[in-house]
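An overview of the molecular structure
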Amino acid sequence: MAVSPGLHHITAICSDGGRTRDFYERLLGLRLVKRTVNYDDPQSWHLYFGDTTGAPGTILTFFEWPEADPALPGSGEAVALSLAIPKGAAHGWVRRLTDEDVPVAIAPGGDDALALHDPDGLAIELIEQDWADALPGYTTPEIGEEQAIRGIANVTLLVENIDATANLLEDALGWREYARASHAGMLRLRYGAPDRNGPGRVLDLLKVPETDPAEQGAGSIHHIAFRAADDDAQKEMGARFAAAGLRVTEMRDRTYFRSIYAREPSGVLLEVATEGPGFTVDETVETLGLRLQLPAKLESVRAEIEENLTSLD
Ligand code: ZN
């Protein structure tokens, strides 16, 4: 059975691409590995951030929706995102963010994690992970190896039908439950890929009594994408989604990976993305993210697209 070795990327909605770029690239030190447009709405940005090459599990992407209202978090979506930092890095991050006037909360019960919000209100945690030190970090003039973010640590889905989502993770993707906690009617199940030591290998399912459905907007996580080693593995996972009663899309070519999509029983949009060909298919590692990249079918309207896009500076 083909198993998903981890998350591939997480995609959120922002209202201002330039502000989002400043936050994730300069402040958090991720690399802008690709500037392109939303293939389903080519007049707006799709920005990809990640490590040096945009390796699967390190990638956060943003659709720019300038007209979007602020998100109202709720059930049927991913509600929280944790990014991995090396052991001992949390204190330095608190200092850096405080110096930049970004409000920071220290996670209750530990000094190894901190919580903040991005400019659109998306909840983000930076959390020290044992495996992070072993990975090379993407460094910037302001952020060294000892502090650099190493990718996704965890993402939390708020779901009504927690058993159905749990079954899907097990049966279609080969993930396993390895921890659970319940308190006052709240249930949290922690799922992991077979190898949990690396970026994007852990996901929490959370069920809270009487939550309203989410209203998507700026600051929402739009979807989460799981990795498939290749097209055959993706096809197999898609067939198992379909066997579980989900409606699965046709495969779509996203240039840097190929994707299928399905909405799980509680409404969270899931994607399965191939690991290849990756972000160096149209740029070198050195020049990733410097120039607007368009799929061939949009090159003929490049001038019009460039004219309409908002400034990222
Ligand atoms: Zn995606």
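Above this text sits the structure in question.
These lines cover the structure that appears in this document, whether it is placed above or below. All chains use their own residue numbering, which begins from 1 and follows the written sequence. For a predicted model such as this one, the threshold for reporting local features is a pLDDT of at least 70, and the threshold for listing and counting side-chain atom pairs is 80 or more; totals across whole chains, interfaces and linings nevertheless cover every residue. Only hydrogens and water are removed before side-chain values are computed, so all heavy atoms of the structure are retained for them.

This part is about empty space enclosed by the protein. Cavities and pockets were defined on a 1 Å grid built from protein atoms only: a cavity is a group of points that admits a 1.4 Å probe but offers it no way out, a pocket is an open group of points flanked by protein on both sides within 12 Å along at least five of seven lines, and a lining residue is one with an atom within 4 Å of any such point. Grid points are joined across faces, edges and corners, and a volume is the space filled by probe spheres set on the points. Counted according to the given criterion, the structure contains one cavity of 30 Å³ or more. When its volume is computed, the largest cavity comes out at roughly 40 Å³. Taken together, Gly-29, Leu-30, Gly-50, Asp-51, Thr-58, Tyr-138, Ile-149, Arg-150 and Gly-151 make up the lining of the largest cavity. Across the lining of the largest cavity, the residue classes break down as three nonpolar, four polar and two charged. Residue type decides the class: Asp, Glu, Lys and Arg count as charged, Ala, Val, Leu, Ile, Met, Phe, Trp, Tyr, Cys and Pro as nonpolar, and the leftover types, Gly among them, as polar.

Labels follow the DSSP assignment, with helices taken as runs of H or I lasting at least four residues and strands as runs of E lasting at least two, numbered in each case from the N terminus. Tracing the chain through its elements places Ala-262 in strand β15 (residues 258–263). Only protein chains enter the area calculation, which uses a 1.4 Å probe; residues under 20% of their type maximum are buried, those over 50% are exposed, and those in between are partly exposed. In this structure Ala-262 comes out as buried when scored by relative accessible area, which is 1%. Sequence-wise, Ala-262 and Arg-291 are 29 residues apart; in three dimensions their C-alpha atoms are separated by 31 Å. Contact criterion: two residues are considered in contact whenever any of their non-hydrogen atoms come within 4.5 Å of each other. Among all residues touching Ala-262, those that are not within four sequence positions of it are Phe-241, Leu-246, Arg-247, Val-248, Val-268, Leu-269 and Leu-270.

Right, let's talk about helix α2 (residues 90–99) for a bit. Buried within α2 we find Ala-90, Gly-92, Trp-93, Arg-96 and Leu-97. All buried residues of α2 project into a common sector of 155° when viewed along the axis, lining one side. For α2, the exposed residues lying more than 90 degrees away from the buried face are Arg-95 and Asp-99. Buried-residue contacts for α2 involve α1 (17–27), β5 (77–85), β7 (113–117) and β8 (123–128). Think of it as the arc spanned by the lines of direction from the helix axis to the C-beta atoms.

Time to look at the layout of surface pockets. One number sums up the size of the largest pocket: a volume of about 580 Å³. The wall of the largest pocket is formed by 29 residues, among which Ser-82, Glu-125, Ile-127, Asn-154 and Arg-190 lie closest to the centre. Classifying every residue of the lining of the largest pocket by side-chain character gives 16 nonpolar, seven polar and six charged. Here the second largest pocket is characterised by a volume of approximately 410 Å³. As for the second largest pocket, its lining consists of 22 residues, and the residues nearest its centre are Asp-40, Arg-252, Arg-254, Tyr-261 and Leu-269. Secondary-structure elements contributing two or more residues to the lining of the second largest pocket are β1 (7–14), β2 (31–38), β3 (41–50), β13 (221–228), β15 and β16 (269–274). Counting residues per element, the lining of the second largest pocket draws most heavily on β15, which supplies three residues. Per-class residue counts for the lining of the second largest pocket are nine nonpolar, seven polar and six charged.

Sheet architecture is open: eight strands sit in the order β2-β3-β4-β1-β13-β16-β15-β14, paired in mixed fashion. Two strands lie at the open edges of the sheet, namely β2 and β14 (252–253), each paired on one side alone. Strands qualify as paired when DSSP identifies two bridges or more between them. As defined by bridge partners, β1 adjoins β13 across five bridges and the pair is classed as antiparallel. Residue pairing across strands places Leu-7 opposite Phe-226, the latter belonging to β13.

With that out of the way, let us pick up the pattern of salt bridges. Salt bridge criterion: a side-chain nitrogen from Lys or Arg within 4 Å of a carboxyl oxygen from Asp or Glu. By the definition in use, this model includes 20 salt bridges. Note that Lys-87 is salt-bridged to Asp-130, the shortest N-O span being 3.5 Å. Taken together, the residues span a long stretch of sequence, with Lys-87 in the loop between β5 and α2 and Asp-130 in the loop between β8 and β9 (152–158) at a distance of 43 residues. Lys-87 gets classed as partly exposed once you look at its relative accessible area, which sits at 42%. Overall, Asp-130 belongs to the exposed group, its relative accessible area being 62%. Between Asp-204 and Arg-190 there is a salt bridge, with its nearest N and O atoms 2.7 Å apart. Linking Asp-204 in strand β12 (residues 202–207) with Arg-190 in strand β11 (residues 186–192), this pair joins segments that are 14 residues apart in sequence. Its relative accessible area of 1% is what places Asp-204 among the buried residues. Arg-190 sits in the partly exposed class, given a relative accessible area of 30%. One network of salt bridges, in which partners are shared, links Arg-21, Glu-25 and Asp-313.

Taken as a whole, α1 has its buried residues at Gly-17, Gly-18, Thr-20, Arg-21, Phe-23, Tyr-24 and Leu-27. Polar contacts here mean pairs of N or O atoms no more than 3.5 Å apart (in protein, one a potential hydrogen donor and the other a potential acceptor; neighbouring residues in sequence count only if both atoms are side-chain atoms). A side-chain oxygen of the first residue of α1 lies 3.1 Å from the backbone nitrogen of Gly-18; this N-cap is Asp-16.

Of note, the bond from Gly-276 into Pro-277 is cis; its omega dihedral lies within 30 degrees of zero at 0°. A positive phi is found at Ala-184, a non-glycine position, where the angle reads about 50°. Tracing the sequence through the fold places Ala-184 in the loop between β10 (176–183) and β11. Its identity as a non-glycine residue notwithstanding, Thr-255 has a phi of 70°, on the positive side. Within the secondary structure, Thr-255 sits in the loop between β14 and β15. Residue classification places Thr-255 among the partly exposed positions, given a relative accessible area of 24%.

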